[in-house]
Amino acid sequence: MMISVVVPTYNEEESVPHLYEKLKEVLDKLGEEYEIIFVDDGSEDGTPEILKELASKDKKVKVIRFRRNYGQTAAMYAGFEHAKGDVIITMDADLQNDPEDIPKLLEKIKEGYDIVSGWRKDRKDPFLSRKLPSKVANWIISKVTGVELHDYGCTLKAYKADIAKRYRLYGDMHRFLPALAKRFGAKITEIPVKHHPRIYGKSKYGIGRTVRVILDIFLVKFLNEYITKPLYVFGGLGFFLLVIGVAIEIYLTLLKIFTGADIGGRPLLILGVLLILAGIQLLSTGIIAELIIRTYYESRGEKPYVIEEKLNMEE
Ligand code: UDP
Ligand code: MG
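The text that follows walks through the structure, step by step, so that each part is easy to find.

**Details of the overall build of the protein chain**
Phase 1 of the analysis: In terms of helices and strands, the protein chain carries 10 helices and 7 strands.
Phase 2 of the analysis: C-alpha atoms of the protein chain, sized along the principal axes, occupy 90 × 55 × 35 Å.
Phase 3 of the analysis: Within the span of the protein chain, comprising 315 residues, buried residues form 44% of the whole.
Phase 4 of the analysis: Across the protein chain, the fraction of contacts at a sequence separation of at least 24, relative to all contacts at a separation of at least 6, is 81%.
Phase 5 of the analysis: Here the protein chain has roughly 17400 Å² of accessible surface; of this, 60% comes from carbon and sulfur atoms.
Phase 6 of the analysis: Averaging the positions of the 46 positive and the 44 negative side-chain charges in the protein chain gives two centres separated by 3 Å.

**Topic: the coordination of the magnesium ion (ligand 2)**
Phase 1 of the analysis: Looking at the magnesium ion (ligand 2), one finds its protein donor set to be D94 (OD) and Q96 (OE1), positioned 1.9 to 2.0 Å from the metal centre. Grouping residues by exposure puts D94 and Q96 together as buried.

**Comments concerning a nonpolar patch on the surface**
Phase 1 of the analysis: A surface patch of nonpolar side chains, amounting to about 510 Å² of accessible area, comprises V246, I250, L254, I257 and F258.
Phase 2 of the analysis: By the secondary structure assignment, I250 is in helix α9 (residues 230–259).

**Quick notes on the packing of α9 against helix α10 (residues 267–300)**
For any two helices packed against each other, one specifies the inter-axial angle together with the distance between the axes.
Phase 1 of the analysis: Interhelical geometry of α9 versus α10 gives an angle of 155° and a closest axis separation of 7 Å. Here α9 is positioned roughly antiparallel relative to α10, judged by the angle of their axes. Here α9 runs over α10; the crossing is left-handed.

**Details of empty space enclosed by the protein**
Phase 1 of the analysis: For the coordinates displayed, the defined rule picks out 1 cavity of 30 Å³ or more.
Phase 2 of the analysis: Size it by volume and the largest cavity reaches roughly 50 Å³.
Phase 3 of the analysis: If you go around the largest cavity, the residues you meet are M76, T90, Y152, G153, C154, T155, K157, Y159, H174 and R175.
Phase 4 of the analysis: Residue classes in the lining of the largest cavity are distributed as 4 nonpolar, 4 polar and 2 charged.

**Side note on the side chain of N224**
Phase 1 of the analysis: Along the chain, N224 turns up in helix α8 (residues 209–225).
Phase 2 of the analysis: Taking relative accessible area as the criterion, N224 reaches 14% and is therefore assigned buried.
Phase 3 of the analysis: Reaching out from N224, the side chain makes a polar contact with the backbone oxygen of A179 at a distance of 2.7 Å.
Phase 4 of the analysis: Setting aside its immediate chain neighbours within four residues, N224 contacts A179, L180, K182 and R183.

**A closer look at the packing of aromatic side chains**
Phase 1 of the analysis: Applying the stated criterion to the full structure yields 6 aromatic pairs.
Phase 2 of the analysis: With a centroid separation of 5.3 Å and 90° between ring planes, the pair formed by F66 and Y70 is classed as edge-to-face.
Phase 3 of the analysis: Residue classification places F66 among the buried positions, given a relative accessible area of 15%.
Phase 4 of the analysis: The exposure class of Y70 is partly exposed, given its relative accessible area of 45%.
Phase 5 of the analysis: Both rings, one in Y152 and one in F176, keep their centres 6.4 Å apart while their planes meet at 40°; by these two values the pair is tilted. With Y152 in the loop between α5 (127–145) and β6 (157–160) and F176 in the loop between α6 (161–164) and α7 (177–181), the pair connects residues that are 24 residues apart, well separated along the chain.

**Here's the deal with the side chain of S134**
Phase 1 of the analysis: Mapped onto the elements of the fold, S134 is located in helix α5.
Phase 2 of the analysis: Given a relative accessible area of 18%, S134 falls into the buried group.
Phase 3 of the analysis: A polar contact of 3.3 Å, which involves the side chain of S134, links it to the side chain of R123.

The rules behind these values
Residues numbered from 1 in each chain as written. Chains lettered and ligands numbered in written order. Predicted model: local features only at pLDDT ≥ 70, side-chain atom pairs only at ≥ 80, totals over all residues. Heavy atoms only, no water. Helix = DSSP H or I, 4+ residues; strand = E, 2+ residues; numbered from the N terminus. Buried < 20%, exposed > 50% of the residue type's maximum accessible area, 1.4 Å probe, protein only. Contact = heavy atoms within 4.5 Å. Areas by Shrake-Rupley, 256 points an atom, 1.4 Å probe, with all protein chains shown as cover. Lys, Arg positive; Asp, Glu negative; His and termini not counted. Charge placed at Lys NZ, Arg CZ, Asp CG, Glu CD. Donors = N, O, S within 2.8 Å, 3.2 Å for Na, K, Ca; no water. Patch = residues over 30% accessible without salt bridge, like charges linked within 9 Å, V, L, I, M, F, W, Y side chains within 5 Å. Salt bridge = Lys/Arg side-chain N within 4 Å of Asp/Glu carboxyl O. Axes fitted to C-alpha atoms, helices over the stretch in contact; angles between N-to-C directions. Parallel < 35°, antiparallel > 145°, perpendicular 65-115°, else oblique. Left-handed = near helix turned anticlockwise from the far one by under 90°. 1 Å grid on protein atoms, 1.4 Å probe; cavity = no way out; pocket = protein on both sides within 12 Å on 5 of 7 lines; lining within 4 Å. Points joined across faces, edges and corners; volume = space filled by probe spheres on them. Nonpolar A, V, L, I, M, F, W, Y, C, P; charged D, E, K, R; others polar. Polar contact = N/O pair within 3.5 Å; in protein donor to acceptor, adjacent residues only side chain to side chain. Phe/Tyr/Trp six-rings, centres within 6.5 Å; stacked < 30°, edge-to-face > 60°.

Laid out in structure tokens, this is it:
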């Protein structure tokens, strides 16, 4: 079993040498083949030089350097694409995650899990700006996606390589990998891991991240449950609105015909028209989404299912 450790790194010049030493110590003891992939996400400090130096001394250290800062998710994606291992471990470069937890993660992978997520049970970050929003977000994500984890935001995770490589990651989506993997029937678990306060450098995120996380939850829900049938989502709602709208207008028309009542100034009239328009629009959005989804799957040569095993099937 070969292990690839993927470390997104952005302006972490002081932390990187320490992280490398600790990682090497832990990984050498495992007795498995390994590589450490540092993805330098366009650092503007001394990080590139330090990584170059490490790579020249140790062939197990691989470095991918971005031209500019693309974000942690893009860095992880690049790391996954280049990883040669059977198991991929992701972690932060800032020493907040502890390499000593790696053997525990691997044990769970050996037990047969596809994803093992770290849980920073005793998290060493500010309460109001970090721990509280994170608690709320984790609760919502767990409920919405049905994959119950205490700590989606913990970068320290282990993945079977084929699961990690299956995704194209956009935006800030890396934290949702466990929830996305549910679509493929991945077996997911979590274990408590150590967490340290940041000693060197600064955190790269502020409170604005919370908003992005909330928006992403909608996307994950959609991707997981409706990606192959968008017409049911948009069309279902559209149809519902359309029926109510039409019913209202029929009622008003009958009223006019049989009682001669004046219906021109009634709010109900406008509501009916609005519902009909919204309904038609949603229905057509659903149809367009269906067409886009077909293009999406066919252009990527992707199937809407994943096969675990084939027996007696000739290739
Ligand atoms: N990171 C990155 N690109 C970015 C922002 C962050 O590669 O644009 C890396 C960063 O170097 C660190 C990890 O992602 O290794 C987590 O970042 P940080 O420690 O700032 O997040 P926090 O722990 O405060 O949530
Ligand atoms: Mg950190």
